[in-house]
Amino acid sequence: MEFSPTVSQEQLVTFRRDLHRHAESGLSEFWTASYLAEKLAALGCEVHLGDEVMDRTVLMGVPDPKTQEERLKAALAQGANPKWIEKMNGLTGVMVDIRPDLPMHSVLRFDIDCVDVDESTELAHKPAAEGFASINKNECHACGHDGHAAIGLGVAMELMRCKDKLKHNVRLIFEPAEEGSRGAYPIVKAGLVNGAKYFLSAHIGVNAGKDHELVCGTQGFLATTKFDVELFGLASHSGSDPHKGHNSILAAASMILNLHAIPRHGKGASRITVGMVSGGTGRNVIPSYAKLVCETRGATTEINQYMFDKAKLIINHVAAMYEQDVKITVMGSAGNAVSDQKMIDVVKLAAKDVPYFHENLITEMGEGFGTDDACTFINAIQEQGGAGTYAQIGSKLPAGHHNQFFDFNEDLLQPAVELFCRSTFIMDTMD
């Protein structure tokens, strides 16, 4: 169909900068979800929040109640609408259907959370220089999800304007907690992709580091399991009774060394990382508590499971050796996925009519960047006979993803909206 976008670049930049300034960590995106709900409702969308969007019984990696309370208060102080906060009931996913009266057909996903990074305040950093750097300490859109959410709002604006031309329903999902692989699974378990035939998501940058570049599909994602390990030993006086204590930090140290000694898998990439360690109460007390924050990754779900199973074996045996009680808590997980050629063709065809993307910079398949929660959606769609893809929208980046100086070229916002919309209209003609 003929399509000419009407959403302005200025509107999209405003959306992006509002979202960037109010960066929020995964499962705590209270202001962000309220902002999105307000904008979507103004378009005439019926906004779905809370238990309609996420199955709270399978949530992983939820921040502790004190942290959630503090973040909720901060969001309200920053202008979050209490009406939407109440409807969320602690769950920050947002969903709208463009044509709820028509059969379920395609799903577009936009992630909305930030990274736990303290954003740079140096004037060489554009968000700081132009006054839209994050106002929340240690919460920063250092991965481009503010851009993704802004693109999603633009897509909603365009599709609602053209909704009478659609033959099927298009569902827009604004996913919380992509970082840590925590947001997609409860959304899938809530049934939001049931019956869908096609799925499209995209990421700014990744391995598309040039302006006007587009990668239409992605492979090479790593499956992952995020997990915490808690050790509970026995405290004692480090001078008079060290023999009576069960040293949790010593156990943790042994675990770290042995976890990183797991043999790598011969059939594909495998990873393990202990990213944080903490414990103890003082220099003269045998430490009775320690915590490890860890992850495994693998080129396939099976390889990742191999790494996680080996990790659990080591953790339990070291705990026994040092007389520790141990608790392993899974905080997030995602499988790997490969984009379908059918959907790659859709994006490639759509891009031909978006002048921003240069023909010589459009490629069909690219490599992933670690792990993305979109894999959970793609797998769910493929398991019910559908097809999905994960595109990469090119941008020259002043710094890498998850860096305090991360930023992207805002010129891509309007072309990305057009790309999503044109892809949607093509999907709408497909069985």
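Below: a short report on this structure. (Residues numbered from 1 in each chain as written. Predicted model: local features only at pLDDT ≥ 70, side-chain atom pairs only at ≥ 80, totals over all residues. Heavy atoms only, no water.)

1. Quick notes on the overall build of the protein
Argument step 1. Helix and strand content of the protein: twelve helices and twelve strands.
Argument step 2. A principal-axis box enclosing the C-alpha atoms of the protein has dimensions of 80 × 50 × 45 Å.
Argument step 3. Taking as baseline every contact in the protein between residues at least 6 positions apart, the subset at least 24 positions apart corresponds to 85%.
Argument step 4. Put simply, the protein shows about 17700 Å² of open surface, and 51% of that area lies on carbon and sulfur atoms.
Argument step 5. Placing the 39 positive and 55 negative side-chain charges of the protein at their respective mean positions leaves the two points 2 Å apart. (Helix = DSSP H or I, 4+ residues; strand = E, 2+ residues; numbered from the N terminus. Contact = heavy atoms within 4.5 Å. Areas by Shrake-Rupley, 256 points an atom, 1.4 Å probe, with all protein chains shown as cover. Lys, Arg positive; Asp, Glu negative; His and termini not counted. Charge placed at Lys NZ, Arg CZ, Asp CG, Glu CD.)

2. What to know about the environment of G152
Argument step 1. As for its position among the elements, G152 is in helix α6 (residues 145–161).
Argument step 2. If sequence neighbours within four positions are ignored, G152 has contacts with F110, L172 and F174.

3. Examining the sheet that holds strand β3 (residues 104–111)
Argument step 1. An order of β1-β2-β4-β3-β5-β12-β6-β11 is seen for the eight strands of this open sheet, with the pairing classed as mixed. Of all the strands in the sheet, just β1 (48–49) and β11 (362–367) have a single pairing partner and so form its edges.
Argument step 2. Bridge analysis of β1 against strand β2 (residues 94–97) gives two bridges, and the strand direction is antiparallel. Counterpart to H48 in the pairing with β2 is M95.
Argument step 3. Where α6 meets the sheet, it contacts β3, β4 (169–175) and β5 (198–204), and its direction lies at approximately 145° from that of β3.
Argument step 4. Sheet strands in contact with helix α12 (residues 413–428) are β3, β4, β5, β6 (214–219) and β12 (387–393), and its direction is about 160° off that of β3. (Pairing = 2+ DSSP bridges. Axes fitted to C-alpha atoms, helices over the stretch in contact; angles between N-to-C directions.)

4. Focus: the nonpolar core
Argument step 1. One finds L40, L108, I151, V155, L159, L172 and L214 to be the most contacted residues of the largest nonpolar core, which totals 77 residues.
Argument step 2. It is α12 that provides the largest number of residues to this core, a total of nine residues.
Argument step 3. If near-sequence neighbours (up to four positions away) are discounted, L40 is found in contact with C45, V47, V94, V96, L153, A156 and F174.
Argument step 4. With 26 residues, the next largest nonpolar core counts I173, F221, C375 and Y390 among its residues. (Core = buried A, V, L, I, M, F, W, Y, C linked by side-chain atoms within 4.5 Å. Buried < 20%, exposed > 50% of the residue type's maximum accessible area, 1.4 Å probe, protein only.)

5. Let's talk about the packing of aromatic side chains
Argument step 1. Enumeration over the complete set of coordinates arrives at nine aromatic pairs.
Argument step 2. Between F221 and Y390, the ring centres sit 5.0 Å apart and the planes meet at 90°, which makes this aromatic pair edge-to-face. Residue F221 is found in the loop between β6 and β7 (223–232), and its partner Y390 is found in strand β12; the two are separated by 169 residues along the sequence. As far as burial versus exposure is concerned, F221 and Y390 are alike and both buried.
Argument step 3. Through successive ring pairs, a cluster of aromatic residues spans F110, F174 and F420. (Phe/Tyr/Trp six-rings, centres within 6.5 Å; stacked < 30°, edge-to-face > 60°.)

6. Here's the deal with the pattern of salt bridges
Argument step 1. Summed over the entire model, instances satisfying the criterion amount to 22 salt bridges.
Argument step 2. For R16, the salt bridge goes to D146, with nearest N and O atoms at 2.8 Å. With R16 in helix α1 (residues 9–21) and D146 in helix α6, this pair connects stretches of sequence that are 130 residues apart.
Argument step 3. When its relative accessible area of 0% is taken as the criterion, D146 is described as buried.
Argument step 4. Across the salt bridge formed by E69 and K73, the nearest N and O atoms sit 3.4 Å from each other. Of the two residues, E69 and K73 are both situated in helix α3 (residues 65–77); the distance of four residues between them amounts to about one turn of the helix.
Argument step 5. Given the relative accessible area of 53%, K73 is considered exposed.
Argument step 6. Salt bridges sharing partners connect three or more residues here, namely R16, R17, E130, D146, D407 and E410. (Salt bridge = Lys/Arg side-chain N within 4 Å of Asp/Glu carboxyl O.)

7. Regarding the packing of helix α8 (residues 248–259) against helix α9 (residues 301–321)
Argument step 1. Between α8 and α9, the least distance of the axes is 9 Å, while the angle of their chain directions is 150°. The orientation of α8 relative to α9 falls into the category roughly antiparallel. Note on packing geometry: the crossing formed by α8 with α9 is right-handed. Here A251, S254, M255, N258 and L259 of α8 lie close against α9, whose contacting residues are A311, I314, I315, V318, A319 and M321.
Argument step 2. Across the contact of α8 with α9, the residue classes tally to nine nonpolar, two polar and no charged. (Parallel < 35°, antiparallel > 145°, perpendicular 65-115°, else oblique. Left-handed = near helix turned anticlockwise from the far one by under 90°. Nonpolar A, V, L, I, M, F, W, Y, C, P; charged D, E, K, R; others polar.)

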